[in-house]
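Observations on the three-dimensional arrangement
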Amino acid sequence: MHNAQPTASHFIHGAYVEDSAGDVIDCIYAASGEKIAQVHAATPAVIERALASADSAKAEWAALTGTERGRILRRAADILRARNHDLSVLETLDTGKPYSETSVADATSGADALEYFGGLAGSLTGEHIQLGDDFVYTMREPLGLCVGIGAWNYPTQIACWKAAPALACGNTMVFKPSETTPLCALKVAEILVEAGAPPGVFNVVQGAGTVGAALVGDPRVAKVSLTGSVPTGRKIYAAAAADMKHVTMELGGKSPLVVFEDADIEDAVSGAILGNFYSTGQVCSNGTRVFVQRSIRATFVARLIERLKTVTMGDPLDAATTYGPMVSERQMKIVQGFIAKGIEGGATLAHGGSRVERPGFWLEPTVFTDVTDDMTIAKDEIFGPVLSVLDFDTEAEVLARANATDYGLAAGVFTNDLTRAHRMVKGFQAGTCYINTYNLAPVEAPFGGVKQSGVGRENSKEAIHHYSQVRSVYVGMGPVEAPF
Ligand code: NAD
């Protein structure tokens, strides 16, 4: 039996807060199906308390120097790293992802963001624009109260990727984790306070879409940053438009991964594995449409399947386990539905496809071949461990087919032809591109999508533009001339 019960459901104004009048949200450990905790969804009173707290904290927080804010974020990064083991265990319990992943990709990635934006906070400046004797100076200022809304695949990372740039710029935040994974963000809030963040600077409230919608609709909120699906993104973007709120939308994808015949096959197979089966395929930027040039297709598929047979399923808390369950029964059923559609649609099930006979929500890593562009599995985001192999002949053909989607989050190419690699990435309609690797997302690099996959960028200096605004101040140095 695992127990991950948090101190209370919400974290508001520097302390845990409970209101048992809110609907019960059960936390189910995906690897066993057992209940490991429960939280309550935020009631209107809790939502108001969180918004009022973040609103009241924003002036004092914005008045600190960037260096002072940054010091707190960097201290929080150090605490995350020092507690990596415990936080990784919690991330595993919250999501089902194996410890072999969570111990290197979640609290560590969150810490990277806090450290990076903590370091940047002291260097956020405006500019000076000389206009003869007159001049303009600009000030980079915070937006104010920001709302963060998370998906369930990376609960610690998503909380930190939003909190770090928001707080570095002098904003405060109310964050709502996914109702599927409510536990990890509470720890981020606790650690920020321990690191010195004043009460109200970062708050966490629980709940499903209705709680998210209440936060987004509040007139005190200046900006909303969502990590989630395209349909949710549309609703939130539309709601934010009512008050002209700023938005960042990190949404879904159906990204292409193109493997040319001159590629290093072993590396390309590694890229396809990282881009389809890491976190059991529950990654937004996954390269789920794997276009393989016809001449190497058989070799590629054979090697891919050989390597998938070495997946280690087992207790996710065992460091030897390399592959975990789906996050929830619901998500498992959605993915099973897509696998059925792949078979019905005429694709060849080359590997996996079945539920694994063990407690919890386990699905085999699955590979379809003979997939064509019009099949549902080639068009819809599956968000699970399902890789589709599509054959192609020429560069022009594959580029057109790679781009024939409403999504545009990521795209990758494996080739040893230098100029072709750069031609391909220039041609891809995607915000995040890869040459001879896949799915790396370091904090130093901008991350985000084009087309329906999103608006704005997370990480890197780019994120600063999405959590601050510029004030322009014209200074007249001479007599004022007026026409009458
Ligand atoms: P989802 O859209 O169902 O939910 C996302 C969040 O939005 C949840 O916290 C949910 O409670 C909240 N929400 C739902 N309706 C809302 C509303 N009307 N108003 C306000 N909030 C609302 O997504 P999910 O199932 O949690 O996550 C999977 C999706 O997220 C996939 O499409 C995936 O591609 C995407 N994703 C994108 C990224 C990225 O960075 N681009 C990263 C991870 C996941």
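Provided above is the structure to which this section pertains.
Bear in mind that the values here come from a model prediction, so they are computed numbers and not experimental data. (Residues numbered from 1 in each chain as written. Predicted model: local features only at pLDDT ≥ 70, side-chain atom pairs only at ≥ 80, totals over all residues. Heavy atoms only, no water.)

**Let's talk about the overall build of the chain**
Along its length, the chain carries 16 helices and 20 strands. Computed over the C-alpha atoms, the radius of gyration of the chain is 23 Å, within 12% of the 23 Å expected from 2.2 N^0.38 for a compact globule of 484 residues. The dimensions of the chain, computed from C-alpha atoms along their principal axes, are 75 × 60 × 40 Å. Relative to its 484 residues, the chain shows a buried fraction of 57%. (Helix = DSSP H or I, 4+ residues; strand = E, 2+ residues; numbered from the N terminus. Rg over C-alpha atoms; globule rule 2.2 N^0.38 Å. Buried < 20%, exposed > 50% of the residue type's maximum accessible area, 1.4 Å probe, protein only.)

**Here we look at the sheet that holds strand β13 (residues 289-293)**
Strand pairing in a sheet relies on backbone hydrogen bonds, with the paired strands running either antiparallel or parallel. Reading across from one edge, β14-β15-β16-β13-β12-β17-β18 is the order of the seven strands in this open sheet, with mixed pairing throughout. Two strands bound the open sheet, and with one partner strand each, they are β14 (348-351) and β18 (432-435). Taking the axes of each pair of neighbouring strands and ignoring which way they run, one obtains an average angle of 20 degrees across the sheet. The pairing of strand β12 (residues 256-259) with strand β17 (residues 410-414) spans three bridges and is parallel. Within β17, the position partnered with V258 by the bridge is V413. Each of β12, β17 and β18 is contacted by helix α15 (residues 418-427), which is oriented at about 165 degrees to β18, the strand it contacts most. (Pairing = 2+ DSSP bridges. Axes fitted to C-alpha atoms, helices over the stretch in contact; angles between N-to-C directions. Contact = heavy atoms within 4.5 Å.)

**Here's the deal with unusual backbone geometry**
The phi angle of most residues is negative, glycine excepted, and most peptide bonds adopt the trans form. Although it is not a glycine, H13 sits at a positive phi angle of roughly 50 degrees. Examined against the element boundaries, H13 turns out to sit in the loop between β1 (10-12) and β2 (15-17). The partly exposed category is assigned to H13, whose relative accessible area is 42%. Although it is not a glycine, N459 sits at a positive phi angle of roughly 65 degrees. Here N459 is to be found in the loop between β19 (454-455) and α16 (462-466).

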